[in-house]
Amino acid sequence: MGKKIELSDNVKLLLALLVLQLCFSGFHIVSRVALNIGVSKVVYPVYRNIIALLLLGPTAYFLEKNERPPLTIPLLVQFFLLALIGITANQGFYLLGLYYASPTFASAMQNSVPAITFVMASAVRIEKINIARRDGLAKILGTVASIGGATVITLYKGPPLLHQAENIHRNTSAVEIPKNTQNWTWGCIYLLGHCLSWAGWMVFQAPVLKKYPAKLSLTSFTCFFGLIQFMIIAAFVETDLEHWKIQSAEEVLTILYAGIISSAVVIALQTWCIQKGGPVFVAVFQPLQTLLVAIMAALILKDQLYAGGIIGAALIMLGLYSVLWGKSRERKVENQKEALTEPLIDPESREKDGANVSDIP
């Protein structure tokens, strides 16, 4: 019975991570559209986090009313820091990087998040790694293979596999470098800052969740502090009231997608996934995003499918399987150790019943 429950939890986690990457893939396109139609880089995240907070706040209040731990000053400080890293720095650097670079390159840069998260989590001893054991080696090789697969999809085109007419759209798996090299360099720097912030947020969130396991409430507090931080920035940067006006249905749709899907749904879903699988396990699914973008482009935009995409997809799947196997093997070893060290009889229970060793049949 226990095995069935464990399998069900694993399937839920895998499906949640797949949905998470689908939402992220759409966000790249939506954000680029928003910037192209002139939405302010400061106003966009302010509206995004307002919508997310309006959705998450009441939901968290009613669903977690009886399970929220009491708030303390140290917890509020940690919520503020989580917002600074995971909302303000993460979203701010992303929009700046996307403005100077491209959605494809932004997605490609995000593939460094698993490696950065792995290093950070290992440094603070959240993620245990033992190269001498097979599970530790599998996790390392799997992470490298996943990042390598996404890199192949991004940088290597290869021969076409489908004999269809060339589409006017460019192949999404090719990195297009703008003519302005200086702006492209700044785009890379901002996107690197985005990746560092994202990885740091996932690693820092894991210990906070242990102290404050009310996931929706934690997400709501994070959005609240992130909104306050962005509004303070906006007070100095975006003083033109015209930039705060929503002038088209296109703007409404991009802001709604960003607020409902990319903030409320994604942050809550990612928080749940981190609690269930850990920060490294969540981060290692990041390369799937590049694969999903390539598939969506082939199906929706009728872009040509190339051999590089198939090779990269195979590497990503092998890498993910390797990490999954490593995590599963690691848990089995830890469970076996706990079973061996667990006492057969609880000393407190034995004293309470007045039993001694000779009473045991």
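Residues numbered from 1 in each chain as written. Predicted model: local features only at pLDDT ≥ 70, side-chain atom pairs only at ≥ 80, totals over all residues. Heavy atoms only, no water.

Per an unreviewed UniProt entry, the chain carries the name WAT1-related protein and comes from Cannabis sativa. Its UniProt record gives the chain the following Sequence similarities (unreviewed entry) comment, quoted word for word: "Belongs to the drug/metabolite transporter (DMT) superfamily. Plant drug/metabolite exporter (P-DME) (TC 2.A.7.4) family." Under Subcellular location (unreviewed entry), UniProt gives the following word-for-word description of the chain: "Membrane". (UniProt positions renumbered as here; feature names shortened; annotations may be inferred.)

Undergrad: An account of the environment of Val-46 is needed here, citing residue identities and associated values.
TA: Turning to its location among the elements, Val-46 is positioned in helix H2 (residues 43-63). A relative accessible area of 2% places Val-46 in the buried class. In this structure, the C-alpha to C-alpha distance between Val-46 and Ile-233, residues 187 residues apart in sequence, is 9.9 Å. With residues up to four places along the chain from it excluded, the contact list for Val-46 reads Leu-227, Phe-230, Met-231 and Trp-244. (Helix = DSSP H or I, 4+ residues; strand = E, 2+ residues; numbered from the N terminus. Buried < 20%, exposed > 50% of the residue type's maximum accessible area, 1.4 Å probe, protein only. Contact = heavy atoms within 4.5 Å.)

Undergrad: Account for the environment of Phe-285, with residues named and values stated.
TA: Take Phe-285: it is sitting in the loop between helix H10 (279-283) and helix H11 (288-300). Given the relative accessible area of 5%, Phe-285 is considered buried. Taking the C-alpha atoms as reference, Phe-285 lies 9.8 Å from Val-323; in sequence the two are 38 residues apart.

Undergrad: Talk me through the UniProt feature "transmembrane region" (unreviewed entry) in the chain; I want residue IDs and the actual numbers.
TA: Taking the UniProt record as the reference, the feature "transmembrane region" (unreviewed entry) is found at residues 46-63, 75-99, 136-156, 184-204, 216-237, 252-273, 280-300 and 306-326. Helix makes up 100% of residues 46-63 and strand 0%, and the two end C-alpha atoms of the span are 26 Å apart. The annotated region residues 216-237 carries 100% helix and 0% strand content, and the separation between its end C-alpha atoms amounts to 31 Å.

Undergrad: Could you give an account of the pattern of salt bridges, with specific residues and numbers?
TA: Within the structure shown, the criterion is met by one salt bridge. Across the salt bridge formed by Lys-245 and Glu-242, the nearest N and O atoms sit 3.0 Å from each other. On the basis of relative accessibility, which here comes to 41%, the residue Glu-242 falls in the partly exposed class. (Salt bridge = Lys/Arg side-chain N within 4 Å of Asp/Glu carboxyl O.)

Undergrad: With reference to specific residues and values, describe the environment of Leu-56.
TA: With respect to the helices, strands and loops of the structure, Leu-56 is situated in helix H2. Taking the relative accessible area as the measure of exposure, Leu-56 reaches 5% and is therefore buried. In this structure the C-alpha to C-alpha distance between Leu-56 and Leu-218, which are 162 residues apart in sequence, comes to 9.9 Å. If we ignore the near neighbours within four places in the chain, the residues touching Leu-56 are Leu-216, Thr-219, Ser-220, Cys-223, Ala-264 and Ala-268.

Undergrad: Help me get a handle on helix H9 (residues 249-277), residues and values and all.
TA: Along H9, the sharpest change in direction is near 35 degrees and occurs at Val-266. Gly-278 sits one or two residues past H9 and shows a positive phi near 90 degrees. (Bend = angle between axes of the 7 residues up to and from the residue.)

Undergrad: Give a detailed account of the packing of aromatic side chains, specifying residues and quantitative values.
TA: If you walk through the whole model with that rule in mind, you get twelve aromatic pairs. A centroid spacing of 5.5 Å and a plane angle of 25 degrees characterise the contact between Phe-27 and Tyr-94, whose relative ring orientation is stacked. Residue Phe-27 is located in helix H1 (residues 2-36), and its partner Tyr-94 is located in helix H3 (residues 73-100); the two are separated by 67 residues in the primary sequence. Looking at Phe-27, the relative accessible area reads 6%, which means it is buried. Geometrically, the ring pair formed by Tyr-99 and Tyr-100 is edge-to-face, given 5.2 Å between the ring centres and 80 degrees between the ring planes. Linked through ring pairs, Phe-93, Tyr-99, Tyr-100, Trp-186 and Tyr-190 together constitute an aromatic cluster. Positioned above the aromatic ring of Tyr-99 is the side chain of Lys-41, whose terminal nitrogen or guanidinium carbon lies 4.0 Å from the ring centre. (Phe/Tyr/Trp six-rings, centres within 6.5 Å; stacked < 30°, edge-to-face > 60°. Lys NZ or Arg CZ within 6 Å of the ring centre and 35° of its normal.)

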